[in-house]
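Structural characterization, general
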Amino acid sequence: MGTPHSPRSDTRARIIAVALELFAEQGYERTSLREIADRLGVTKAALYYHFKTKDDIVHGIVDSMAAPIDDTIAWGREQPWTPELRDELIRRFAAGMSERVPLLRFFHENQPALRDSPAGLEFRQRMIAMIRLVHGPDASFEDRLRATMSLFTINLAMFIVKQDADDCAAPGYVPGGVAMAGSPEEAVAAAQVVALEIGSLIDHRTPSV
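Below is a short write-up of the structure.

1. Considerations on the overall build of the protein chain
When its secondary structure is counted, the protein chain shows ten helices and zero strands. In sequence order, the protein chain lays out its α and β elements as α-α-α-α-α-α-α-α-α-α. Counting only residues that meet the buried cut, the protein chain has 41% of its 209 residues in that class. Of the contacts made within the protein chain by residues no fewer than 6 positions apart, 70% connect residues no fewer than 24 positions apart. Of the roughly 11700 Å² that the protein chain leaves accessible, carbon and sulfur atoms contribute 57%.

Following this line, the structure appears as structure tokens:
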């Protein structure tokens, strides 16, 4: 079994990176294992040694993306809920996603393919765990909504980045009076600010209707 720095784990990471490139270029459904192997410069048999199917690659992508989330969940479960914990959970989540912008973009652009996949369902369970930690115990329905909106703000930043890129590439595009998203990293940083603003409304004193 490969260690974190073994040639096998390095090869798996390279396969995931190349697969992400191709998925971003032409979509998950239209990318074949043969194309991934060709881009890597290896045989299909060599690719099979690490991943038997595209679903296996997606599972690898999810595991890679979820690593900082898993760490944050494990840490958060050891802490009593406070507004300070709420904010730190949001910051850690945003920081983890900022380091994994290509993975975040993949999730945003390939939601139909991921929605019912085992890897997608596992990631959904992680997000549910994060949301519960952010809103804390005995939360009102409103605070549960706020916690969900706060975390999903990070993902929505990728939607705006893509929309701005599509607008700029459109024929006859003329810049308007709307601030553009900038780089994905800048968008995630801005999303953290908004996520913290939403999260700050979670105080466990808002009456439920």
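2. Some remarks on helix α5 (residues 83-98)
Taking 1.5 Å per residue as the helical rise, α5 with its 16 residues ought to reach 22 Å, and the 23 Å between its terminal C-alpha atoms agrees with that figure. Taken together, the buried positions of α5 are L85, R86, D87, L89, I90, F93, A94, G96 and M97.

3. Section: the packing of aromatic side chains
In total, this model carries one aromatic pair according to the counting rule given. In this structure, K54 packs its charged tip against the face of Y28, placed 4.4 Å from the ring centre.

4. So, the packing of helix α4 (residues 54-76) against helix α8 (residues 118-135)
Two elements in contact, α4 and α8, have axes separated by 10 Å at closest approach and are oriented at 20°. For the element pair α4 / α8, the angle class is roughly parallel. Pair α4 / α8 crosses with left-handed handedness. On α8, the residues touching V58, H59, V62, D63, M65, A66, I69, D70, T72, I73 and G76 of α4 are A119, E122, F123, R126, A129, M130 and L133. Looking at the contact of α4 with α8 residue by residue, the class counts come to eleven nonpolar, three polar and four charged.

5. Concerning the nonpolar core
I36, I57, I61 and I154 are the most contacted members of the largest nonpolar core, which totals 54 residues. Those elements that place two or more of their residues in this core are α1 (7-26), α2 (33-40), α4, α5, α6 (101-109), α8, α9 (141-169) and α10 (184-199). With eight residues, α8 is the largest single contributor of residues to this core. The contacts of I57, once residues within four sequence positions are left out, are I15, A19, F23, L33, I36 and F51.

6. Topic: the packing of α5 against α10
Two elements in contact, α5 and α10, have axes whose closest approach is 10 Å; the angle formed by their N-to-C orientations is 160°. The angle between α5 and α10 falls in the class roughly antiparallel. In the packing of α5 onto α10, the handedness of the crossing is right-handed. Here α5 contributes R86, D87, I90, R91, A94 and S98 to the contact with α10, which in turn contributes V188, Q192, A195, L196 and G199.

7. Overview of the side chain of K54
Along the chain, K54 turns up in helix α4. Nearest to the buried, unbridged K54 among oppositely charged side chains is E29, at 4.9 Å. Only 2.7 Å separates the side chain of K54 from the backbone oxygen of Y28, close enough to count as a polar contact. When near neighbours in sequence (up to four residues on either side) are disregarded, K54 contacts F23, Y28, E29, T31 and L33.

The rules behind each value
Residues numbered from 1 in each chain as written. Predicted model: local features only at pLDDT ≥ 70, side-chain atom pairs only at ≥ 80, totals over all residues. Heavy atoms only, no water. Helix = DSSP H or I, 4+ residues; strand = E, 2+ residues; numbered from the N terminus. Buried < 20%, exposed > 50% of the residue type's maximum accessible area, 1.4 Å probe, protein only. Contact = heavy atoms within 4.5 Å. Areas by Shrake-Rupley, 256 points an atom, 1.4 Å probe, with all protein chains shown as cover. Expected span 1.5 Å × (residues − 1). Phe/Tyr/Trp six-rings, centres within 6.5 Å; stacked < 30°, edge-to-face > 60°. Lys NZ or Arg CZ within 6 Å of the ring centre and 35° of its normal. Axes fitted to C-alpha atoms, helices over the stretch in contact; angles between N-to-C directions. Parallel < 35°, antiparallel > 145°, perpendicular 65-115°, else oblique. Left-handed = near helix turned anticlockwise from the far one by under 90°. Nonpolar A, V, L, I, M, F, W, Y, C, P; charged D, E, K, R; others polar. Core = buried A, V, L, I, M, F, W, Y, C linked by side-chain atoms within 4.5 Å. Lys, Arg positive; Asp, Glu negative; His and termini not counted. Salt bridge = Lys/Arg side-chain N within 4 Å of Asp/Glu carboxyl O. Polar contact = N/O pair within 3.5 Å; in protein donor to acceptor, adjacent residues only side chain to side chain.

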